[in-house]
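Examination of the molecular architecture
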Amino acid sequence: MKYVSTRDASIIKSKITASEAVCRGLAPDGGLYVPEALPSLTLDEINSLAALPYTERAAHILSLFFDEFSLDELREICRSAYSSASFPDGAAPVVPVYGNLNALELWHGPTCAFKDMALQLMPHLFSACLKKTGEARRALILVATSGDTGKAALEGYRDIPKVSIIVFYPETGVSRVQKLQMMTQEGENVSVCAIKGNFDDAQSGVKRIFADESVQKRLDQNGIFLSSANSINWGRLAPQIVYYFSAYCELLNAKKITLGDTVDVTVPTGNFGNILACYIAKKMGLPIGRLVCASNANNVLTDFLSTGVYDKNREFFITMSPSMDILISSNLERLLYFTAGADVNSKLMSELASNGRYEVSSDIINAIKADFCGYFTDEAQTSETVKRLYCEHGYLSDTHTAVAINAAERFISEHDSNSVMLVCSTASPYKFAADVYRAVSGKDPADSVSALEELSEYTKTNIPTPLKKTLTAEIRFNRTIEASEMIGELPL
Ligand SMILES: *Cc1c(COP(=O)(O)O)cnc(C)c1O
């Protein structure tokens with residue numbers, strides 16, 4: 001299977017293999033890589049996956065996108081990624097919430113957030129792709145993070161052969177627990193550094209390094225090339241398609257649906273990666289009804305899905321669901337490509353770059369509305385939902401998941417729906433313990449670290465082992481530098 005850029009209308013220039021797409025990340029024209037055509041599965045094939053464990057389901061789905069790999073090679077990669085040591089409760093369990101609502105819990109991995117689903121697998125895939133493409137140099141992964149991605153990338157790439165990783169995070173704007181998770185990171189090929197400033201300063205610093213040709217040349221002389229781990233890479237998106245097929249299998253096995261029934265899905269959305277993976281699963285033949293795109297107060301996507309106007313020129317809110325505090329959802333570009341083609345997408349992306357705004361035609365927005373609808377949940381509704389789910393239904397939810405469940409509830413009542421609704425649950429409640437504790441108990445925690453103990457005592461649930469270890473682990477990285485000094489961290 002060949003891959004093309006979302007901005008290449010001629011399609012001939014950009015055709016490359018899956019391995020090349022994963023090694024390159026971004027296309028040279030600024031577009032994102034997508035498969036030239038989407039593979040499809042019959043209902044019988046989906047049904048046969050239901051008898052298999054998660055790693056086998058994953059190897060099977062990934063083999064449709066990575067056809068240069070044998071099924072055995074992919075099995076090996078999937079077993080390394082989703083071992084029971086990393087995912088002791090299973091990779092992606094489906095848990096009943098109440099009524100027709102079911103949570104697809106994607107946070108049972110080593111960093112307790114859904115980024116693990118992709119970032120536990122992608123490093124193994126990346127390393128295999130380097131071999132397939134004959135790359136002799138060592139890869140250096142640079143990451144600027146506002147929280148969850150940094151830790152998940154560190155944990156995924158630690159001790160992967162022929163790869164090193166450096167993570168930069170802003171000194172302010174990362175929670176105390178997230179900071180501890182990164183400062184205590186283990187592994188021989190990892191490095192972590194705080195930057196004086198905010199996330200934008202860290203992000204701009206990384207972009208400057210990527211754009212600096214003399215840096216690339218000096219690294220090349222040392223046998224090193226730069227790469228990134230963010231969610232525009234096809235290698236991060238593909239593993240996310242798997243869990244939608246797996247969730248359908250789980251619902252079949254639990255006899256909540258019969259083969260062919262449609263399931264609606266609600267996704268707490270930031271960069272549009274997770275929900276796009278669900279859209280791709282639907283286009284591959286998985287019986288999915290509506291895709292509900294849930295946003296927090298940063299509701300740029302809710303507006304787009306109702307009006308066809310995408311406008312990032314608006315106030316930015318810091319919310320209790322920070323992983324969704326985003327004004328540019330990069331993966332929306334892939335949806336525009338699938339709906340409107342490369343020509344239209346290129347024009348829209350250059351409008352976004354120059355004006356921060358674009359408007360799609362009514363044909364395009366109507367086509368998108370056939371699959372998607374958008375809701376946003378404000379801060380008061382988010383806390384209310386965390387509290388109500390816990391008090392009335394015994395389901396302890398994190399703040400991002402609560403944004404989505406609230407949206408799902410409104411979708412169900414407005415559409416008078418009797419279908420099964422699957423909601424992506426994207427973080428352990430303990431990852432956002434202070435806000436969750438405040439919502440369920442009505443009390444302030446003593447501080448953000450003691451909030452984990454307080455939440456555990458109040459709800460009689462256990463702090464996940466990886467987070468518990470973080471609280472007492474040895475600090476390995478505690479340096480803070482100026483953003484202008486970031487280049488000095490590279491092995492030049
Ligand atoms: C990253 C993240 C999201 C948003 O996912 P996208 O793929 O960027 O839309 C939602 N919730 C949590 C906890 C996350 O870490």
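The text that follows walks through the structure, step by step, so that each part is easy to find.

Rules behind the numbers
Residues numbered from 1 in each chain as written. Predicted model: local features only at pLDDT ≥ 70, side-chain atom pairs only at ≥ 80, totals over all residues. Heavy atoms only, no water. Near = heavy atom within 4 Å. Polar contact = N/O pair within 3.5 Å; in protein donor to acceptor, adjacent residues only side chain to side chain. Areas by Shrake-Rupley, 256 points an atom, 1.4 Å probe, with all protein chains shown as cover. Nonpolar A, V, L, I, M, F, W, Y, C, P; charged D, E, K, R; others polar. Helix = DSSP H or I, 4+ residues; strand = E, 2+ residues; numbered from the N terminus. Expected span 1.5 Å × (residues − 1). Buried < 20%, exposed > 50% of the residue type's maximum accessible area, 1.4 Å probe, protein only. Contact = heavy atoms within 4.5 Å. Pairing = 2+ DSSP bridges. Axes fitted to C-alpha atoms, helices over the stretch in contact; angles between N-to-C directions. Parallel < 35°, antiparallel > 145°, perpendicular 65-115°, else oblique. Phe/Tyr/Trp six-rings, centres within 6.5 Å; stacked < 30°, edge-to-face > 60°. Lys NZ or Arg CZ within 6 Å of the ring centre and 35° of its normal.

What about the site of the ligand?
- By nearness alone, 15 residues border the ligand, and Lys115, Gly270, Asn271, Asn274 and Thr426 come closest of all.
- In the model, an oxygen atom of the ligand is placed 2.7 Å from a nitrogen or oxygen of the Asn271 main chain.
- Phe272 places a polar main-chain atom, nitrogen or oxygen, 3.1 Å from an oxygen atom of the ligand.
- Surface burial for the ligand is 96%, taken as the share of its 380 Å² of free accessible area covered by protein chains.
- When the residues that make up the shell around the ligand are grouped by side-chain class, the tally is 5 nonpolar, 8 polar and 2 charged.

Some points on helix H17 (residues 379-393)
- Between its terminal C-alpha atoms H17 stretches 21 Å, which fits the 21 Å expected from 15 residues at 1.5 Å a residue.
- Among the residues making up H17, those that are buried are Thr382, Thr385, Val386, Arg388 and Leu389.
- On its buried face, H17 sits against strand S4 (94-98), helix H18 (399-415) and helix H19 (433-441).
- Measuring from the side-chain oxygen of the N-cap residue of H17 to the backbone nitrogen of Ala380 gives 3.2 Å; that N-cap residue is Asp378.
- Looking one or two residues past H17, Gly394 carries a phi angle of roughly 65°, positive in sign.

Some details on the pairing of strand S11 (residues 288-295)
- Counting buried residues in S11 gives 7 out of 8 residues, a clear majority hidden from the surface.
- As paired elements, strand S10 (residues 263-268) and S11 share 5 bridges and run parallel to each other. Its bridge partner lying in S11, Val265 is registered against Leu291.
- Pairing between S11 and strand S14 (residues 372-376): 5 bridges, direction parallel. Paired with Ala294 across the bridge in S14 is Tyr375.

Re the side chain of Glu409
- One can find Glu409 in helix H18.
- Leave out the neighbours within four places in its chain, and Glu409 touches Tyr98, Leu101 and Arg388.

A few points about the packing of helix H13 (residues 300-307) against helix H16 (residues 362-371)
- Packing of H13 against H16 brings their axes to within 8 Å, and their N-to-C directions diverge by 115°. When the interaxial angle is binned, H13 and H16 end up roughly perpendicular. Where H13 abuts H16, its residues Phe304, Leu305 and Ser306 lie against Ile365, Ile368 and Lys369.
- Taken together, the residues of the contact of H13 with H16 break down into 4 nonpolar, 1 polar and 1 charged.

A short note on the sheet that holds strand S15 (residues 420-425)
- Strand order across the open sheet formed by 6 strands is S4-S5-S15-S10-S11-S14, with mixed pairing between neighbours. Taken across any chain shown, the strands that pair with only one partner, and hence form the sheet edges, are S4 and S14. The average undirected angle you get between the axes of adjacent strands in this sheet is 25°.

What about the packing of aromatic side chains?
- Here the structure, examined in full by the defined rule, presents 15 aromatic pairs.
- Ring geometry for Tyr54 versus Tyr82: centroids 5.2 Å apart, planes at 85°, classification edge-to-face. Taken together, the positions of Tyr54 in helix H3 (residues 54-65) and Tyr82 in the loop between helix H4 (71-81) and S4 put the pair 28 residues apart, joining distant regions of the chain.
- Arranged with centres 5.4 Å apart and planes meeting at 10°, the rings of Tyr310 and Tyr358 form a pair that is stacked. Here the residue Tyr310 occupies a position in strand S12 (residues 309-311), and Tyr358 occupies one in strand S13 (residues 357-359), the gap between them amounting to 48 residues.
- For Tyr358, a relative accessible area of 2% translates into the label buried.
- Of the aromatic side chains, those joined through ring pairs into one cluster are Phe272, Tyr279, Tyr337, Phe338 and Phe372.
- In this structure, Lys132 packs its charged tip against the face of Phe69, placed 4.8 Å from the ring centre.

Focus: unusual backbone geometry
- Notably, Asp159 is not glycine yet its phi reads approximately 60°, a positive angle.
- On the basis of relative accessible area, Asp159 is assigned to the partly exposed category, the value being 46%.
- Phi is positive for Asp416, close to 50°, though the residue is something other than glycine.
- Structurally, Asp416 can be placed in the loop between H18 and S15.

Observations regarding the side chain of Ser5
- Tracing the backbone through its elements, the reader meets Ser5 in strand S1 (residues 2-5).
- One polar contact links Ser5 to Asp29, side chain to side chain, over a distance of 2.8 Å.
- The contacts of Ser5, once residues within four sequence positions are left out, are Ser14, Ala27, Asp29, Gly31, Leu32, Tyr33 and Tyr337.

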